[in-house]
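# Descriptive analysis of the structure
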Amino acid sequence: TAAQATRAKNQPIRISLQHDPNWLAPYFVEEVRQYLEKKYGSDEVHQGGLRVYTTLNTALQKAANQAVLDGLAAYERRHGWKGHLRNVIAAGLEIDKYEDPDWDQPMEVGSYTHAVVTHVTPAGAAIVFGRRTAVITPAEMAWVHAKPAAILAAGDIVYVKIVSLAEGAAKVTLEQDSGAQGALLAIDNASGDIKAMIGGRDFDESKFNRATQAMRQVGSSFKPYVYTAAIDEGGSPDDVVLDAPVTYMTASGPYSPHNYDGKFEGNISYRRAFMMSRNIPALKVEQQVGINTVIQYARKFGITSPLPPVLPLALGSADLTLWEQASAFTTFPNDGVRVVPHYITKVVDYNGRVLEENLPEVKDVISVRTARIMTDMLHDVVLHGTAYAASKLGPALAGKTGTTNDFTDAWFVGFSPSLTCGVWVGYDEKKTLGKKETGAMAALPIWMDVMKVALKGHEKEQFGPVPPDLPKNNIARHLDTPDFSPGDSEDH
């Protein structure tokens, strides 16, 4: 009506900005783009009107984004303020002319962004990011143990977490980006659908996908292949192995491995050795079954990266990708069948013709019996072992921590009956994360935050029953030793 038209005309014009739809999962979208262009050609992908149906779960991806950034922020805080901030003025730019790529993305409570310090006073540092402003007071940077004026200056580019948003102004906490990276991959056990993928802290700064491209030592997250070989070749979780000092003579000289805690437990069961990630028992089990046999089993699990036939292989000396590890671990909850990950379910052309449709692809790996025994042992890692912190999340969770020499790489690969998720934390240049930055410390909390979301609606899931002829789990006798604390052991 004329009255409605008049009212509409008098309404102020508001600009509705269209954000880049890829912002939620840029590494995932880039993987899809590369695949499509390779298969169908660039012109068809960008101009042909294809409709591409992907496997991404947006809720889980959003939770994963938050978990990785929060986990890296917690790591940064544990190791103190390092400084070395870039400065707009020092680069010959004006503060009010600076534009950061982060500002093109949606800003919401909990997200992280770069901001520019406009001026510093005794009360705090004023910052601007996009069209918003905030003040970093001593309370918002208490972990730094310094006053704003002591470490910040006009023009500094700082990294902050948004605590609250108001019209124009906001509240933030000062964080730090020292270069530590994280990667995550979540796979649906039944279908192979990739539900979440993170290839790094910031896609704008680095397109390198650490979930699919980074070759990193996996530490003790490799041990499941060693014990799987032993169990599948007729071993039992109650078989005994000697945890005692040992020296091996190798082509490069004597090799004297050690356990993370520097202690030895004597004769212990496979279950106990695996649960507490004891290194020397893992090497002895590898010797018993043979290094070449362990390699053959790893290949059956889908590991395609080079596996040198050397003793430390049992401790994860090989460089693998997170993609390989997460895919391999789906074998355990799937009763011995590995599911091949994929990120596209269907591609339809402009005229509605289906160009491809991806159904679940599975590979036989081990017997149901072996898979259920190993799942039970991996479950013990969560209930009583190095991943004890995750035991509070639910009754059916399992997985394995991994830590490499000098705390260079931190891993946790774990699963529920319906989802397998792998997490890696480290630096690109393979330098130490710092003392005690184990898989349980750096990677497991990220995994837990994601699984809290993944488990909603799946609380009643259970793993398949262990074989009836399996000896009763006899872990309890180990838990009354004076020096034992769940989760206090790790691996190298």
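What comes next concerns the included structure.

Each value, and the rule that gives it
- Residues numbered from 1 in each chain as written.
- Predicted model: local features only at pLDDT ≥ 70, side-chain atom pairs only at ≥ 80, totals over all residues.
- Heavy atoms only, no water.
- Pairing = 2+ DSSP bridges.
- Helix = DSSP H or I, 4+ residues; strand = E, 2+ residues; numbered from the N terminus.
- Axes fitted to C-alpha atoms, helices over the stretch in contact; angles between N-to-C directions.
- Contact = heavy atoms within 4.5 Å.
- Patch = residues over 30% accessible without salt bridge, like charges linked within 9 Å, V, L, I, M, F, W, Y side chains within 5 Å.
- Areas by Shrake-Rupley, 256 points an atom, 1.4 Å probe, with all protein chains shown as cover.
- Salt bridge = Lys/Arg side-chain N within 4 Å of Asp/Glu carboxyl O.
- Lys, Arg positive; Asp, Glu negative; His and termini not counted.
- Charge placed at Lys NZ, Arg CZ, Asp CG, Glu CD.
- Buried < 20%, exposed > 50% of the residue type's maximum accessible area, 1.4 Å probe, protein only.
- Expected span 1.5 Å × (residues − 1).
- Parallel < 35°, antiparallel > 145°, perpendicular 65-115°, else oblique.
- Left-handed = near helix turned anticlockwise from the far one by under 90°.
- Nonpolar A, V, L, I, M, F, W, Y, C, P; charged D, E, K, R; others polar.
- Phe/Tyr/Trp six-rings, centres within 6.5 Å; stacked < 30°, edge-to-face > 60°.

It is worth spelling out the sheet that holds strand 1 (residues 51-54) at this point. The strand order 1-16-17 describes an open sheet built from three strands, whose pairing is antiparallel. This sheet does not close on itself; its edge strands, each paired only once, are strand 1 and strand 17 (354-357). Adjacent strand axes in the sheet meet at a mean angle of 10°, parallel and antiparallel pairs treated alike. Pairing geometry for strand 16 (residues 344-348) and strand 17, over three bridges, is antiparallel. Pairing of V347 across the sheet is with E356, part of strand 17. In the packing of helix 2 (residues 26-40) onto the sheet, the strands contacted are strand 1, strand 16 and strand 17, and the crossing angle to strand 16 comes to about 45°.

Turning next to a negative patch on the surface. Side chains of E99, D104, D204 and E205 sit close together on the surface and give a patch of like negative charge. Its place among the elements puts D104 in the loop between helix 4 (58-78) and strand 2 (112-121).

Attention shifts here to the pattern of salt bridges. With the rule as written, the count across this model stands at 25 salt bridges. Here E437 makes a salt bridge to R78, at a shortest N to O gap of 2.8 Å. Of this pair, E437 sits in the loop between strand 21 (419-426) and helix 12 (439-454) while R78 sits in helix 4; the two residues are 359 residues apart in sequence, bridging distant segments of the chain. Several salt bridges converge on common partners, so that one network encompasses E30, R33 and E37.

Taken across its five residues, strand 8 (residues 194-198) has five buried, putting it largely inside the fold. In this sheet, strand 8 lies alongside strand 7 (residues 181-188) in antiparallel orientation, the contact comprising four bridges. Note that in strand 8 the partner of L185 across the bridge is M197.

This paragraph deals with the pairing of strand 3 (residues 124-129). Across the six residues that make up strand 3, a large majority, six, are buried. Pairing of strand 2 with strand 3 involves five bridges; the strand directions are antiparallel. From the neighbouring strand, V117 faces strand 3, where its bridge partner is I127. The turn linking strand 2 back onto strand 3 is made up of two residues. Two successive antiparallel strands, strand 3 and strand 4 (residues 132-136), enclose a turn made up of two residues, where G130 displays a positive phi of approximately 65°.

The next point concerns helix 2. In this model, helix 2 (15 residues) spans 21 Å end to end at C-alpha, consistent with the 21 Å of a helix rising 1.5 Å per residue. Among the residues making up helix 2, those that are buried are P26, Y27, F28, E30, E31, V32 and L36. At the exit of helix 2 stands G41, carrying a positive phi of roughly 95°.

A few words now on the packing of helix 4 against helix 12. Following both chains from N to C, one finds helix 4 and helix 12 inclined at 155°, their axes separated by 9 Å at the closest point. Here helix 12 runs roughly antiparallel to helix 4, going by the angle between their axes. Crossing hand, helix 4 versus helix 12: right-handed. Across from A59, L60, A63, A64, A67, V68, G71 and R78 in helix 4, the residues of helix 12 making contact are M441, A442, I446, D449, V450, V453 and A454. Within the contact of helix 4 with helix 12, the residues separate by chemical class into twelve nonpolar, one polar and two charged.

The next subject is the environment of S236. Summarising the element assignment, S236 is placed in the loop between helix 6 (223-232) and strand 10 (240-243). Since its relative accessible area comes to 16%, S236 is described here as buried. Here the alpha-carbon distance between S236 and P122, two residues 114 residues apart in the chain, equals 66 Å.

Turning our attention to the environment of G49. Positionally, G49 belongs in the loop between helix 3 (42-47) and strand 1. For G49, a relative accessible area of 37% puts it in the partly exposed group. The sequence separation of G49 and Y350 amounts to 301 residues, and the corresponding C-alpha distance is 5.0 Å. Ignoring any residue separated from it by four or fewer positions in sequence, one finds G49 in contact with E44, V348, D349 and Y350.

Spatially, five strands are ordered 8-7-21-20-19 in an open sheet, and the strand pairing comes out antiparallel. Each end of this open sheet is capped by a strand with a single partner; those strands are strand 8 and strand 19 (398-403). Looking at each pair of strands side by side, their axes are set apart by 5° on average, direction ignored. Inspection of the sheet shows strand 19 paired to strand 20 (residues 409-415) by six bridges, in the antiparallel sense.

Before going further, it helps to examine the packing of aromatic side chains. Applying the stated criterion to the full structure yields 20 aromatic pairs. Ring centres of F28 and Y343 lie 6.2 Å apart, and the angle between their planes is 80°; this geometry places the pair in the edge-to-face category. You can see F28 sitting in helix 2 and its partner Y343 sitting in the loop between strand 15 (337-339) and strand 16, a full 315 residues away along the chain. Arranged with centres 5.0 Å apart and planes meeting at 85°, the rings of F222 and Y225 form a pair that is edge-to-face. Take F222: its relative accessible area is 0%, and that puts it in the buried class.

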